[in-house]
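Residue-level structural notes
Chain by chain, the residues:
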Amino acid sequence: MKRITFITSAVILSAMTVSCAKMNEAGTAGPAGEIVKIVSVEAGQWLPEDTRTAYEPGAGLVWTGNETMDIYYGNPAARGSESADNVYMRPVTSVRKISDGKYSVSHPEIDGVTEYDYCIITPALSTTGTNDPGTACVFAFSPVQTPGADTFDANYDVLYGRGAQNVAFASELSVTEFKRLFAPLRLRIGDSEGILGSESVRAVTLSFSAPADRADALTGMFYLNFGYGYDECKFNSGTGTGNAVTALYASGLPEDSEGYRSVWYMVKPSVFESGVTMTVTVTSDTKTVSRSVSLTGRTEIMDARLNALTFNISGQGYSVENSIYQDFTSLESLGGRLTASDGNSYGWTFDGCTVAADENGSLPSGLSSVSGNAGITLPLIPGRRISKVRLYANPMNAVTGGNTVSIDGSSPYNFINYYGDLPAAGGVLEIEVPDNPDILRHVLTTGSQKAVISAISCVVEDSAVIESGENPAWEQEGEEEIITAEEK
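In this text, all values refer to a predicted model and were calculated from it rather than measured experimentally.

**Focus on the sheet that holds strand β11 (residues 136-141)**
As summarised here, the arrangement of the 4 strands in space is β10-β11-β18-β19, forming an open sheet in which the pairing is antiparallel. Both outer strands of the open sheet, β10 (129-130) and β19 (235-242), are each paired with one neighbouring strand and no more. Note: β10 against β11, 2 bridges, orientation antiparallel. By the bridge assignment, threonine 130 is partnered in β11 with cysteine 137.

**Here's the deal with the sheet that holds strand β15 (residues 178-180)**
The strand order across the open sheet built from 5 strands is β6-β5-β9-β13-β15, with neighbouring strands paired in antiparallel fashion. One side of each edge strand has no neighbouring strand; the edge strands of this open sheet are β6 (89-91) and β15. For this sheet, the mean inter-axis angle between neighbouring strands, taken without regard to orientation, is 25 degrees. Both strand β9 (residues 115-122) and strand β13 (residues 159-168) contribute to a ladder of 6 bridges, which runs antiparallel. Across the sheet, residue isoleucine 120 finds its bridge partner in β13, namely glycine 161.

**A short note on the pattern of salt bridges**
Counting across every chain of the model gives 14 salt bridges. Across the pair glutamate 255 and arginine 261 runs a salt bridge, and its minimum N-O distance is 3.7 Å. Take glutamate 255: its relative accessible area is 41%, and that puts it in the partly exposed class. Taking the relative accessible area as the measure of exposure, arginine 261 reaches 0% and is therefore buried.

**Let's talk about the pairing of β13**
Pairing between β13 and β15: 3 bridges, direction antiparallel. If you follow tyrosine 160 over to β15, its bridge partner there is lysine 179.

**Here we look at the confidence of the model for the protein**
Averaged over the protein, the pLDDT score is 84; the fraction of residues at 70 or greater is 81%. Taken as a whole, residues 6-31 scores under 50 in pLDDT and shows 53 contacts with residues more than four places along the chain or in a different chain. Confidence over residues 42-49 falls short of pLDDT 50; this stretch has 21 contacts with residues more than four positions distant or in other chains.

Parameters and conventions
- Residues numbered from 1 in each chain as written.
- Predicted model: local features only at pLDDT ≥ 70, side-chain atom pairs only at ≥ 80, totals over all residues.
- Heavy atoms only, no water.
- Pairing = 2+ DSSP bridges.
- Helix = DSSP H or I, 4+ residues; strand = E, 2+ residues; numbered from the N terminus.
- Axes fitted to C-alpha atoms, helices over the stretch in contact; angles between N-to-C directions.
- Salt bridge = Lys/Arg side-chain N within 4 Å of Asp/Glu carboxyl O.
- Buried < 20%, exposed > 50% of the residue type's maximum accessible area, 1.4 Å probe, protein only.
- pLDDT = per-residue confidence, 0-100.
- Contact = heavy atoms within 4.5 Å.

This is the structure we're talking about:
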């Protein structure tokens with residue numbers, strides 16, 4: 001069995017001499033020191049064969065080698081009497097790769113403590129925290145995910161490493177067992193009527209009408225207990241939970257050789273009973289197709305296995321809208337013109353906005369407000385009017401009150417991934433746009449907290465408003481032309 005080995009030594013790092021600190025003999029530490037652990041990963045293989053973290057067709061689950069881990073340390077004396085004043089587990093200061101198979105892990109020494117408890121959870125995300133007493137990891141399990149073409153989003157393949165208690169400075173800690181908390185779900189989307197044609201898929205939302213609660217939901221802000229036995233390492237509860245999940249594809253997901261679009265999600269294992277409504281909404285290059293069906297039997301998304309659903313998006317009762325999808329997850333900077341899913345370039349205006357990049361490099365980028373009341377001016381689309389917008393929340397989206405979005409000065413909508421209606425909609429905020437001929441370019445305005453958007457889809461309808469003679473044939477924006485109906 002492959003395993004991760006922690007070789008532990010105590011190092012005193014003076015605040016003034018960190019750069020030249022040397023490793024002391026094992027078992028020694030100072031009152032204000034920093035403990036450094038050298039972590040050796042055997043053979044580069046972190047997980048046993050049945051608990052790997054990505055999917056390759058025909059090969060099952062495999063380890064990619066790019067996974068990250070969070071390590072938590074605690075005072076054994078606090079165990080069992082935890083409180084906000086007697087915190088148990090804290091995240092280590094850093095986990096740094098030294099070379100292939102070797103890492104340096106550091107954390108502050110706790111005064112008077114010679115043995116520590118350690119827990120491990122992978123992956124390490126910038127959105128992860130701990131609860132006040134330090135008894136649980138608070139993991140933001142996003143309803144909006146960015147999987148690959150043949151694999152799920154590894155950011156949400158959450159695994160417990162079996163922790164250890166009362167570990168002395170010089171002791172070796174071997175982690176040989178990992179427990180997977182969430183389950184991979186493959187949704188195979190068929191298209192019997194060919195409504196999508198050869199277009200690539202940009203976004204897919206899967207939702208179930210069954211209400212979510214604190215313990216039973218596909219996604220949400222989950223509390224994961226710190227523990228040392230298999231049964232202890234488990235869900236505690238959740239908040240902002242929802243039974244819907246969305247997958248985004250910056251470059252588009254094409255049809256496979258069997259005529260399906262295979263979408264991968266990571267979700268919490270769940271059960272949906274007969275009669276629950278299942279809805280799939282697919283946004284492709286130029287249209288959005290949605291269809292709902294009533295489950296005729298019990299549907300279970302099971303732990304410790306690959307789950308699969310097949311769904312015909314153009315079966316009886318489907319609806320279709322014309323739409324244009326704009327991705328922000330692959331942006332490096334903001335410009336006046338962006339190329340949309342239909343292949344055309346459109347002019348946008350961004351006031352008080354920037355591109356948000358993840359400090360850990362794991363989460364996708366997004367269009368972010370810098371401060372309150374940032375403005376996003378939607379493009380002018382020749383011969384069309386925007387009748388509806390769908391905003392896809394980013395995992396780095398603020399989770400506090402004040403994260404709202406309004407359009408054209410109307411009442412604000414909540415835009416927190418884990419609050420209100422957004423979890424039940426798979427992290428997608430849908431806003432109807434009033435048909436006002438006096439407004440040619442609609443403006444989205446953010447609230448007081450940072451709103452981070454992964455993508456915006458604009459539903460469009462034919463319009464006679466934007467015609468030659470009623471509006472200028474073009475307008476100048478940053479030395480670039482915005483083409484209107486007359487020129488097109």
